Amino acid sequence: MHIGVIGAGQLGATLAEWCAESGHDVAVASRHPERLGGVVDHLGGHGTALPVAEAAAFADVVLFAPNWETAPQAIELAGSALDGKVVIDATNPTVPVLDGPSGFETLMQMAPKAHWAKAFNTLPTAVLNRRRGHDPLLAEFVCTDLTDARQAASRIIRDMGFAPFYAGGAEAARLTETGGPLQQYEVDVFRAQDVLADALTVLR
Ligand SMILES: NC(=O)c1ccc[n+]([C@@H]2O[C@H](COP(=O)([O-])OP(=O)(O)OC[C@H]3O[C@@H](n4cnc5c(N)ncnc54)[C@H](OP(=O)(O)O)[C@@H]3O)[C@@H](O)[C@H]2O)c1
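Residues numbered from 1 in each chain as written. Predicted model: local features only at pLDDT ≥ 70, side-chain atom pairs only at ≥ 80, totals over all residues.

**Q** Give me the site of the ligand: which residues, what numbers.
**A** Neighbouring the ligand are 26 residues, the closest being G7, G9, S30, R31 and A74. Mapped by element, the contributors of at least two residues to the shell around the ligand are α1 (10-21) and α4 (71-78). Its residues assigned to classes, the shell around the ligand shows twelve nonpolar, 13 polar and one charged. (Near = placed C-beta within 6 Å. Helix = DSSP H or I, 4+ residues; strand = E, 2+ residues; numbered from the N terminus. Nonpolar A, V, L, I, M, F, W, Y, C, P; charged D, E, K, R; others polar.)

What follows is the structure, given as structure tokens:
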């Protein structure tokens, strides 16, 4: 697949590298793509750095990992190139959202024609790196209302060496974000169902 990574910092650059290792072609993007040479060097000839809109246009699937504060700007920069694309949101609001839409739902409203999924936001890269490819596989929670987004996120998660675990539709994303019961929760795939069942009591 062609994967566009919008926000190529600690998380985005790591995910970009793992996508390239899996054989995907990767375009990394930030507000300063000319500074991403070091990131591209780790993509083993499978990657390039582009401005945000061009990376989004290149992509079959977008991994969305800018800073939370500037995420709206990233969506604006991508513009209509996100329309119809699967966009996997890995961001976390800087503080817990107590009322109203979750971070994920807020971003969805900003680009309603994108096919959004939430994943890769619960654990720091150090944990992902330590657990990647090791049995029992680490559960990577996926939230989305859309089948194509669920399938694309699941494929990428599997390719990277984790176990996709569907946590529910968009309304479940708040469980995974800052302050939610699944945030920072390191759980292997065999225990994920029990952990999710406990977490879901928050939504009831
Ligand atoms: N780090 C982790 O382990 C981890 C784990 C789970 C979730 N997350 C979440 O992932 C997000 C990123 O975290 P991080 O630690 O990777 O941050 P980071 O190291 O600061 O990287 C952020 C990246 O986003 C780019 N960026 C910022 N604003 C942008 C915009 N408007 N358009 C395009 N690119 C933009 C930055 O480059 P420029 O400033 O040059 O644009 C930089 O490449 C956060 O929401 C965080 O909560 C992080």
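**Q** Can you explain the nonpolar core? Please cite residues and give values.
**A** In terms of nonpolar packing, the biggest core is built from 71 residues, with V5, I6, A16, V28, V62 and I88 touching the most fellow members. At seven residues, the largest contribution of residues to this core is made by α1. Not counting residues up to four positions away in its chain, the partners in contact with I6 are A29, V52, A55, A56, V62, F64, A65, P66, A74 and A78. (Core = buried A, V, L, I, M, F, W, Y, C linked by C-beta atoms within 7 Å. Buried ≥ 20, exposed ≤ 12 C-beta atoms within 10 Å, placed from the backbone. Contact = placed C-beta atoms within 7 Å.)

**Q** Run through the pairing of strand β6 (residues 115-118), naming residues and quoting values.
**A** The alternating pattern of β6 places H115 and A117 and W116 and K118 on opposite faces, both of which are buried. Taken together, the four bridges between strand β5 (residues 86-89) and β6 define a ladder with parallel strand orientation. Pairing of V86 across the sheet is with H115, part of β6. Once you follow β5 into helix α5 (residues 103-110) and on to β6, the crossover reads as right-handed. (Pairing = 2+ DSSP bridges. Right-handed = clockwise from strand over helix to strand, strands pointing away.)

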